Amino acid sequence: MSNVFYMPPVTLMGPNAIQSLGAELASKELKKALIVTDSVLVEVGLVSKLTDELTAHNLEYVIYDGVQPNPTEKNIDDGLELLANSHADFVISFGGGSSHDTAKGIALVAANGGHIRDYSKGVHLSKKPQLPLVTVNTTAGTASEMTVFAIITNQEDETKYPVVDKHFTPIIAVNDSELMVAMPKFLTATTGMDALTHAVEAYVSTAATPITDASAIKAIELIVNNLEAVVNNGQDREARDAMQYGEYLAGMAFSNASLGYVHSMAHQLGGVYDLSHGLCNAILLAEVSRFNAKQVPERFVDIAKAMGIETAAMTQEQAVNAALEAIDGLSAAVGTKQRLTDLGVTEDKLAFMAQNALNDACSLTNPRQASLEEIVNIFKARM
């Protein structure tokens, strides 16, 4: 079976990488950008790092700063309206996954028409490339700056759904670790655990390939070796830079191998309770991994080794359990090992969320298929 590998044609990486963006854009005959971001990043002045670079290269811009933490269909609709009224000819997302996912939806629908929901009933459904998209990343977690995924919330029916489309790939991605230094401690923790989840789920995915395996394993190494350090000291430049490489590698892995039940279940928690996506992943990762390890134990032995666990004297079962304990241990160390009940989750919604999780596209590549009752029980184990 043949495989296709998607990633941006150009990625600017490392400290102060944003300072190279203007020259890249100037060569592409683009004139005016719709910047998609959130109000906090505007208020703290971080967006000026981008706007100053655009101004220095004679590029106009207009800012849409209405992005919500769990981006909604309305965010995309509002962005599309501003895009049309401003006559912008390309889109730049600035922020984390919420900004990138919103910008992807705007750029895709602008070029292809219809509604973003139209592109969620399968994969790679768009007919034409999206409006040129540039992604400037400020978190080390979602990897949405370079993937073919966007996660959108339908507030009317409390669902959160993935859109998977090859045309989501931006023309330029920017991963400047200096833009990540100001990230708050808890956001650093949740986005880091999100990145770890991407790597683990991609590695055990039924669609994994040698390329995604290599990306996932290296991502696990980088994240495990640097996340706690950067949570404890956000000014640790070396750890910040290592994390931006780790999250990007995890993105390379899952954008091409897809994900599994952690994400399909986390999407439902986000849709119903408007919870942090990274936090939901952190809470669920070890429990879903325990379920999956019965199907692919050898993969979790590899994960244990990538986490720095000496497995030579262990049985396979011991190595698998050590990996699960290490995942939970890292989550506890960075403050994301929480209970769902403490976040307001109630049992009356579990069956509804479990059914939607099974219908989520991410479930298709989970290595072990579950019944509705089994998904409910995984939720309950983290209540």
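The structure displayed is predicted, hence computed values, not measured ones.

This part takes up the UniProt feature "domain: Alcohol dehydrogenase iron-type/glycerol dehydrogenase GldA" (unreviewed entry) in the protein. Mapped onto the present numbering, the UniProt feature "domain: Alcohol dehydrogenase iron-type/glycerol dehydrogenase GldA" (unreviewed entry) falls on residues 8-176. Along residues 8-176, the helical share is 30% and the strand share 24%, with 15 Å between the first and last C-alpha atoms.

Counting 84 residues, the largest nonpolar core has Leu196, Ile220, Leu227, Met265, Leu269 and Phe379 as the members making the most contacts within it. In terms of domain composition, this core takes at least three residues from each of domain 1 (10-179) and domain 2 (185-381). Leu34, Val62, Leu108 and Leu133 belong to the second largest nonpolar core, which has 24 residues in total.

Attention shifts here to the packing of helix 9 (residues 261-273) against helix 13 (residues 350-359). Orientation of helix 9 relative to helix 13, taken along the N-to-C sense of each, is 130°, at an axis distance of 8 Å. Considering their axes alone, helix 9 and helix 13 lie oblique with respect to each other. The hand of the helix 9/helix 13 crossing is right-handed. Contacts between helix 9 and helix 13 involve Tyr261, Ser264, Met265, Gln268, Leu269, Val272 and Tyr273 on the former and, on the latter, Phe352, Met353, Asn356, Ala357 and Leu358. Per-class residue counts for the contact of helix 9 with helix 13 are nine nonpolar, three polar and no charged.

With parallel pairing, six strands are arranged side by side in an open sheet as 1-8-5-4-2-3. With one partner strand each, in any of the chains shown, strand 1 (11-13) and strand 3 (60-64) form the two edges of the open sheet. Averaged over all adjacent pairs, the angle separating strand axes in this sheet is 15°, with direction ignored. Strand direction decides the pairing type here: strand 5 (residues 133-137) and strand 8 (residues 172-175), joined by four bridges, are parallel. In the strand pairing of strand 8, Thr135 is matched with Ala173. Contacting strand 2 (32-36), strand 3 and strand 4 (90-95), helix 4 (residues 73-86) crosses the sheet at an angle of about 155° to strand 3. On top of the sheet, helix 5 (residues 97-112) reaches strand 2, strand 3, strand 4 and strand 5; it is set at about 165° to strand 4, its chief contact.

Partitioning the protein into domains gives domain 1 (10-179) and domain 2 (185-381). Each of domain 1 and domain 2 has a C-alpha centre, and these two points are 25 Å apart. In this complex, domain 1 contributes 25 residues to the contact, which on the side of domain 2 involves 33 residues. Taking both partners together, domain 1 and domain 2 bury about 2400 Å²; carbon and sulfur atoms supply 57% of that area.

How each quantity is defined
- Residues numbered from 1 in each chain as written.
- Predicted model: local features only at pLDDT ≥ 70, side-chain atom pairs only at ≥ 80, totals over all residues.
- Heavy atoms only, no water.
- UniProt positions renumbered as here; feature names shortened; annotations may be inferred.
- Helix = DSSP H or I, 4+ residues; strand = E, 2+ residues; numbered from the N terminus.
- Core = buried A, V, L, I, M, F, W, Y, C linked by side-chain atoms within 4.5 Å.
- Buried < 20%, exposed > 50% of the residue type's maximum accessible area, 1.4 Å probe, protein only.
- Domains from an automatic or database assignment.
- Axes fitted to C-alpha atoms, helices over the stretch in contact; angles between N-to-C directions.
- Parallel < 35°, antiparallel > 145°, perpendicular 65-115°, else oblique.
- Left-handed = near helix turned anticlockwise from the far one by under 90°.
- Contact = heavy atoms within 4.5 Å.
- Nonpolar A, V, L, I, M, F, W, Y, C, P; charged D, E, K, R; others polar.
- Pairing = 2+ DSSP bridges.
- Buried area = accessible area lost by both parts, 1.4 Å probe.

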